[in-house]
Amino acid sequence: MSEVEHLTFEQALAELEQLVQEMEAGNLELERALQLFERGMQLVRYCNEQLDTAELRVRQLAPDALSGEEPGLTPFEPSAPSEEPW
Amino acid sequence: MSEQLALFPTQDEEGLPRIFTVSEVTQRIRVWLEADRVLQDLWLVGEVSNWRQSPAGHIYFTLKDEQATLRCVLWRSNAHQVGYLPSGDGETVLAHGYISVYDPQGVYQLYVDELQPLGLGSWYVRFEELKRRLEAEGLFARPRRPLPRFPQRIGVVTSPSGAVLRDILNVLRRRYPLAEVILAPTLVQGEDAPPQIVRALQAIARVPGVDVVILARGGGSIEDLWAFNDERVARAIAASPLPVVCGVGHETDFTIADFVADVRAPTPSAAAELVTPDRAELQRHIQALRRTLAVACFDLITRLRRRLEAEKRALRQLSPRVTLQRQRQHVDELALTIVRALRYELALRRERLSGLHHRLEVLNPAATLARGYAIVRRQDDRRVVMRVAQVSSGDRLHVQVSDGTFASTVD
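All values reported here derive from a predicted model rather than from experimental measurement. (Residues numbered from 1 in each chain as written. Chains lettered and ligands numbered in written order. Predicted model: local features only at pLDDT ≥ 70, side-chain atom pairs only at ≥ 80, totals over all residues.)

## Some thoughts on the overall build of chain A
So, step 1. Scanning chain A for helices and strands turns up 2 helices and 2 strands.
So, step 2. Across chain A, helices and strands are ordered from the amino to the carboxyl terminus as α-α-β-β.
So, step 3. For chain A, contacts bridging at least 24 residues in sequence account for 38% of all contacts bridging at least 6. (Helix = DSSP H or I, 4+ residues; strand = E, 2+ residues; numbered from the N terminus. Contact = placed C-beta atoms within 7 Å.)

Shown next, in the form of structure tokens:
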């Protein structure tokens with residue numbers, strides 16, 4: 001098992017779902033159950049934290065990116081409010 | 001709508017059928033018609049007939065096809081602005097406007113605000129022709145790529161300025177801020193828009209990690225949205241290696257891009273919702289998982305504790321003290337059994353003894369003597385004489401009778 005912090009949200013949630021399934025199936029040794037429980041709670045905390053604190057990151061294709069092999073990215077700077085409604 | 005309809009109860013307070021006035025019914029029909037978003041903003045095609053202009057400058061005509069006719073009004077103020085005025089009856093035109101009711105005559109009609117000729121170059125014909133061609137080619141029926149459940153990088157192809165991008169970012173921020181947005185800025189209107197959109201779609205697919213693309217534009221007239229009815233754009237969407245969600249214009253606007261896209265969203269904001277899971281829903285999901293986890297763990301511990309209790313009881317049953325007690329009780333029981341058996345045997349013997357005694361009584365020879373018999377023994381050896389041959393003359397005999405004995409001699 002890798003450190004929780006190294007997981008993506010999706011991986012963490014998938015592991016949590018699988019772990020709960022294993023737990024629900026029963027027939028676990030106490031040792032294993034306690035391990036799963038502790039890991040599960042870590043994953044819950046991590047997932048919640050991700051959802052609570054994540055800030056949407058926005059970047060845009062660099063102006064020359066439209067033709068390049070692997071397009072470069074630049075920070076997104078919202079242009080001045082525009083009259084265009086679209 | 002439902003509130004408005006509630007203004008028209010069909011029964012009075014006494015439960016009798018409500019009597020409507022003509023005005024009320026007409027008003028009800030108007031409410032129905034005006035609640036229909038399609039009927040309030042539509043393009044339609046038809047052949048002009050009964051074209052006539054009133055002295056006030058308003059134009060009245062009828063649009064018809066093989067099966068139906070529709071009354072139309074073009075107010076004087078709009079008549080100056082429309083792109084095209086037909087020269088008379090028999091022409092086929094495109095008309096834009098809304099449907100409503102003209103109360104005094106009890107008719108519904110189209111209130112026209114735009115007219116266009118249906119020549120070969122008209123957008124309607126071009127749209128229909130392209131749609132037919134691409135559909136025949138199978139472009140609309142190609143298998144749809146599934147959207148990722150948790151997008152990591154969301155490509156957004158739209159105008160970098162304007163409300164649409166802001167709306168999309170707001171929705172993404174609210175629903176799933178874990179994702180990263182890669183904006184591919186492009187024109188979304190005008191002649192240069194289609195090639196730019198194509199390039200943006202191609203470029204965004206080359207950015208590593210992008211797993212879904214939103215192609216969006218705000219509402220506008222059919223001309224404003226025309227870039228999304230462009231064949232190059234349609235083919236670029238179909239060729240995209242990533243799933244494309246198309247959110248162009250309003251709910252009622254359909255473009256070729258909508259038909260080709262993997263998912264058609266009614267609006268740009270709806271497109272942003274379609275590509276993301278909802279944060280609040282995820283939080284509820286995680287809470288439920290957490291509860292299940294805790295309950296499962298608690299259950300397991302309870303189960304183990306119960307098993308432990310059972311084992312403890314079993315162990316107690318096996319302890320030496322219990323064995324000892326059990327053996328002591330066994331001994332007690334055995335002792336009791338023996339005593340009982342002894343008593344029985346004793347009683348049995350006593351019974352037999354008294355039986356024997358009785359029989360002895362019966363057999364007692366004394367009783368026989370009393371009846372007049374005598375026991376004769378030889379004097380010398382005391383043997384009982386039972387046959388004549390046992391004695392000779394002169395032998396001394398001993399005779400026992402019931403009350404004593406006497407001696408005698410054989411003659």
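After that view of the structure, there is still more to cover.
## Brief notes about the overall build of chain B
So, step 1. Helix and strand content of chain B: 12 helices and 13 strands.
So, step 2. Across the 411 residues of chain B, 23% fall into the buried class.
So, step 3. Counting contacts in chain B only where the partners sit at least 6 residues apart, residues at least 24 apart contribute 61% of the total. (Buried ≥ 20, exposed ≤ 12 C-beta atoms within 10 Å, placed from the backbone.)

## Describing the interface of chain A and chain B
So, step 1. On the chain B side, the residues contacting the 36 residues of chain A number 39 residues.
So, step 2. Elements with a minimum of two residues in the side of chain A that touches chain B: α1 (9-25), α2 (30-53) and β1 (57-61) of chain A.
So, step 3. At 9 residues, the largest contribution of residues to the side of chain A that touches chain B is made by α2(A).

## Quick look at unusual backbone geometry
Residue and element names in this part refer to chain B.
So, step 1. Here N50, not a glycine, exhibits a phi torsion of approximately 55°, which is positive.
So, step 2. Within the secondary structure, N50 sits in strand β1 (residues 42-53).
So, step 3. When the 13 C-beta atoms within 10 Å are taken as the criterion, N50 is described as partly exposed.
So, step 4. We note that R382 has phi near 65°; this positive angle belongs to a residue other than glycine.
So, step 5. Note that R382 resides in the loop between β11 (375-378) and β12 (396-401).
So, step 6. Of the residues examined, R382 has 8 C-beta atoms within 10 Å and is grouped as exposed.

## Quick word on the sheet that holds β1(B)
All names here are of chain B.
So, step 1. With mixed pairing, the 5 strands of this closed barrel are ordered in space as β1-β2-β3-β5-β4. For this sheet, the mean inter-axis angle between neighbouring strands, taken without regard to orientation, is 50°.
So, step 2. Sheet analysis places β1 next to strand β2 (residues 59-64), joined by 5 bridges and oriented antiparallel. Each residue of the ladder has a partner; that of E47, found in β2, is K64.
So, step 3. The sheet strands contacting helix α2 (residues 22-35) are β4 (92-102) and β5 (107-117), and the helix crosses β4 at an angle near 135°. (Pairing = 2+ DSSP bridges. Axes fitted to C-alpha atoms, helices over the stretch in contact; angles between N-to-C directions.)

## As for the sheet that holds β12(B)
All names here are of chain B.
So, step 1. With respect to topology, 3 strands assemble into an open sheet ordered β11-β12-β13, the strand pairing being antiparallel. The strands lining the two open edges of the sheet, one partner per strand, are β11 and β13 (404-409). The average undirected angle you get between the axes of adjacent strands in this sheet is 25°.
So, step 2. With 4 bridges joining them, β11 and β12 adopt antiparallel strand pairing.

## Considerations on the pairing of strand β3 (residues 69-74) of chain B
Residues in a regular strand point their side chains to alternate faces of the sheet.
All names here are of chain B.
So, step 1. Direction of pairing for β2 relative to β3: antiparallel, over a ladder of 6 bridges. Its bridge partner being in β3, I59 is matched across the sheet by L74.
So, step 2. Pairing geometry for β3 and β5, over 3 bridges, is parallel. Note on β5: the bridge partner recorded for C72 is L110.

## Side note on the packing of α1(A) against α2(A)
Residue and element names in this part refer to chain A.
So, step 1. For the pair α1 and α2, interaxial distance at closest approach is 9 Å and the crossing angle is 145°. Between α1 and α2 the crossing geometry is left-handed. In this structure, α1 contributes F9, A12, L13, E15, L16, L19, V20, E22 and M23 to the contact, and α2 contributes A33, L36, R39, G40, L43, V44, Y46, C47 and Q50.
So, step 2. Looking at the contact of α1 with α2 residue by residue, the class counts come to 13 nonpolar, 2 polar and 3 charged. (Left-handed = near helix turned anticlockwise from the far one by under 90°. Nonpolar A, V, L, I, M, F, W, Y, C, P; charged D, E, K, R; others polar.)

## Considering the packing of α2(A) against helix α10 (residues 279-318) of chain B
So, step 1. At a closest axis distance of 10 Å, the pairing of α2(A) and α10(B) adopts a crossing angle of 165°. Taken together, the axis directions place α2(A) and α10(B) in an arrangement best described as roughly antiparallel. Relative to α10(B), the crossing made by α2(A) is left-handed. Contacts between α2(A) and α10(B) pair L30(A), A33(A), F37(A), G40(A), V44(A), C47(A), N48(A) and L51(A) from the former with R279(B), L282(B), Q283(B), I286(B), L289(B), R290(B), L293(B), C297(B), L300(B) and L304(B) from the latter. (Parallel < 35°, antiparallel > 145°, perpendicular 65-115°, else oblique.)

## Section: the environment of L369(B)
So, step 1. Turning to its location among the elements, L369(B) is positioned in helix α12 (residues 365-370).
So, step 2. What L369(B) contacts, discounting residues up to four positions off in sequence, is A374(B), I375(B), Q400(B), V401(B) and S402(B).

## Examining the nonpolar core
Residue and element names in this part refer to chain B.
So, step 1. Counting 70 residues, the largest nonpolar core has V156, V157, I214, L215, I237, V245 and A257 as its most contacted members.
So, step 2. Leaving out residues up to four positions away in the same chain, V157 has contacts with A184, T186, I197, A200, L201, I204, V213, I214 and L215.
So, step 3. Judged by nonpolar contacts, the second largest core, of 12 residues, contains V48, L63, V93 and A95. (Core = buried A, V, L, I, M, F, W, Y, C linked by C-beta atoms within 7 Å.)

## Quick word on the pairing of β12(B)
So, step 1. Sheet topology places β12(B) next to β13(B); 6 bridges connect them, and they run antiparallel. Opposite Q400(B), over in β13(B), you have T405(B) as the bridge partner.

## Remarks on the confidence of the model for chain A
So, step 1. Across chain A, pLDDT averages 82, with 83% of residues at or above 70.
So, step 2. The secondary structure element of chain A with the lowest average pLDDT is strand β2 (residues 73-75) of chain A, at 84, and the one with the highest is β1(A), at 91. (pLDDT = per-residue confidence, 0-100.)

## Topic: α2(A)
Along an α-helix, residues three or four apart share an orientation, since each turn contains 3.6 residues.
So, step 1. Spanning 24 residues, α2(A) covers 34 Å between terminal C-alpha atoms, matching the ideal 34 Å at 1.5 Å per step.
So, step 2. Regarding α2(A), the residues found buried are A33(A), F37(A), G40(A), L43(A), V44(A), Y46(A) and C47(A).
So, step 3. Its buried side turned inward, α2(A) meets α1 of chain A together with α10 of chain B. (Expected span 1.5 Å × (residues − 1).)

## Observations regarding the environment of D224(B)
So, step 1. Of note, D224(B) is situated in the loop between β8 (210-217) and α7 (231-239).
So, step 2. Spatially, the C-alpha atom of D224(B) lies 8.4 Å from that of V188(B), the residues being 36 residues apart in sequence.

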